[in-house]
Amino acid sequence: MDYPFLLFTFGFVCLSLMFGIFPPQEFWSSGLTLENALSRWLGSEEDSFVMYNIRRVSSTLLFVACLPFLYVFLAEHWYPEVSDAIKAWEYGSALLVSVFIATLSLAIAAGTAMWLSAASPDALGWSNSTTAVLLGKFACHLQLRSWWDVANQIDSEYKEIDKFTSILSGWNARTIVTRSWIIRVGLYRVDFARQDLCQLEVVRADSHSVSLQGDVTGAQFVTIKVHTDVEGVPDFCLRLNSREFDSFRGYVLAPIHVPDGVVLIKSVIEQFVIAFREQVSSNEPLSPEDFPDPVSEVIRSVAAARC
């Protein structure tokens, strides 16, 4: 194996990371993501929020599962020595293991795609996806017919204009709060919590002097843990900029517990008001006698000018 093949391997790993596994903010802004490439098949998130994210998460997982096969396939077609080595079973056991893993990954991806898209007797499809299973637990708790009823409720509320939405650059995760639901949209998973069936607690607040959010004076990020009361639904954490905390709290019905050891930084305006009051209180007190009478000063100036 020569230097170009090593360069190909390095480039494949970098592109896989940036395009599908964990795309950076620059790729998101440019539209160079798997989500954007499959936009026609995924549909519109505004029209069908739950189904859009089921397809998005499933396609991302399948893409990652197919990467070993894609690597071997491209290497075999672009580098004749790799193809000859595969045919002659050369280069020892490492190559054999690579071919086996690539073939196995493709088989797993195909089987997973069929399993995820399979329909249960009372639904239209994708009932085996993690999102459908999660919503099914809410359906059982709320005594609804199936997870589709919960999905329709979430879709209806997501279409409303009055909702909280936040995204952190570099985290590829969104926080959405509707009238009845708190949702965390991640790259590989979507978490849900019903507002009347959960409790919220601030577990950490970390400050940074440099921020990807464009905060000149630095930023503080708050980690909020969402505890759900529905059996089988796991807890999850939200991460927000402290500047958005008050807005987030305005959309949440349940109170947010902030431990005594966690100190939240105020907004820029509130920090200015606090600093201004501290500066005023630190100044020496002054009395009216310390200031000359402006009328008397004018008369003295006129008299001095006449003289």
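Up top you'll find the structure we're talking about.
Residues numbered from 1 in each chain as written. Predicted model: local features only at pLDDT ≥ 70, side-chain atom pairs only at ≥ 80, totals over all residues. Heavy atoms only, no water.

Some remarks on the pairing of strand 6 (residues 219–228)
So the rule is basically this: Type-normalised accessible area, obtained with a 1.4 Å probe on protein chains alone, sets the label of each residue: buried when under 20%, exposed when over 50%, and partly exposed for intermediate values. Numbering of helices and strands runs from the N terminus, with a helix taken as a DSSP run of H or I at least four residues long and a strand as a DSSP run of E at least two residues long. When DSSP finds two or more bridges between a pair of strands, those strands are recorded as paired.
When you tally the buried positions in strand 6, you get eight out of 10 residues, the bulk of the element. Alignment of strand 5 (residues 198–208) against strand 6, held across 10 bridges, turns out to be antiparallel. If you follow Ala-205 over to strand 6, its bridge partner there is Val-222. Bridge count for strand 6 against strand 7 (residues 236–241) is six bridges, and the pairing is antiparallel. Bridged to Lys-225 within strand 7 is Cys-237.

A short note on a nonpolar patch on the surface
Quick reminder of the rule: Residues enter patches when they are more than 30% accessible in relative terms and free of salt bridges; like-charged ones are connected within 9 Å and nonpolar ones (Val, Leu, Ile, Met, Phe, Trp, Tyr) within 5 Å. Note on areas: Shrake-Rupley with a 1.4 Å probe; residue coverage comes only from the protein chains shown. Between Lys or Arg on one side and Asp or Glu on the other, a salt bridge is scored when a side-chain nitrogen of the former is within 4 Å of a carboxyl oxygen of the latter.
A surface patch of nonpolar side chains, amounting to about 520 Å² of accessible area, comprises Ile-269, Phe-272, Val-273, Phe-276 and Val-280. Looking at the element boundaries, Phe-276 is found in helix 11 (residues 268–282).

Digging into the packing of helix 5 (residues 49–78) against helix 9 (residues 147–158)
Rules: To get an axis, fit a line to the C-alpha atoms, keeping to the stretch in contact for a helix; angles then go from 0 to 180 degrees between the N-to-C directions. With respect to orientation, any angle under 35 degrees is reported as roughly parallel, any angle over 145 as roughly antiparallel, any angle of 65 to 115 as roughly perpendicular, and every other angle as oblique. For this analysis, residues touch if any pair of their heavy atoms sits within 4.5 Å. Residues are grouped as follows: nonpolar covers Ala, Val, Leu, Ile, Met, Phe, Trp, Tyr, Cys and Pro; charged covers Asp, Glu, Lys and Arg; every other residue, Gly included, is treated as polar.
Interhelical geometry of helix 5 versus helix 9 gives an angle of 110° and a closest axis separation of 7 Å. When the axis of helix 5 is compared with that of helix 9, the two are roughly perpendicular. Residue-level contacts link Phe-49, Val-50, Met-51 and Ile-54 of helix 5 to Trp-147, Trp-148, Ala-151, Ile-154, Asp-155 and Tyr-158 of helix 9. Taken together, the residues that form the contact of helix 5 with helix 9 break down as nine nonpolar, no polar and one charged.

Examining empty space enclosed by the protein
Note the threshold: The method works on a 1 Å grid over the protein atoms by themselves. A cavity is a set of points holding a 1.4 Å probe that cannot get out, a pocket is an open set with protein on both sides within 12 Å along at least five of seven lines, and residues with an atom within 4 Å of a point line them. Grid points are joined across faces, edges and corners, and a volume is the space filled by probe spheres set on the points.
In the structure shown here, the tally under the stated rule is one cavity of 30 Å³ or more. Size it by volume and the largest cavity reaches roughly 90 Å³. Contributing elements (two or more residues each) for the lining of the largest cavity: helix 1 (3–21), helix 3 (34–37) and helix 5. With three residues, helix 5 is the largest single contributor of residues to the lining of the largest cavity. Tallied by class, the residues present in the lining of the largest cavity amount to seven nonpolar, four polar and two charged.

Concerning the sheet that holds strand 5
Across the sheet, which stays open at both edges, the four strands sit in the order 7-6-5-8 with mixed pairing between neighbours. Both outer strands of the open sheet, strand 7 and strand 8 (256–257), are each paired with one neighbouring strand and no more.

Structural notes on the side chain of Thr-223
Basically, it comes down to this: Polar contacts, as used here, are pairs of N or O atoms within 3.5 Å; protein pairs need one atom able to donate a hydrogen and one able to accept it. Residues neighboring in sequence count only if both atoms are side-chain atoms.
Its location among the elements puts Thr-223 in strand 6. At 3.2 Å, the side chain of Thr-223 forms a polar contact with the side chain of Arg-239. The residues contacting Thr-223, other than those within four sequence positions of it, are Glu-201, Val-202, Val-203, Arg-204, Cys-237, Leu-238 and Arg-239.

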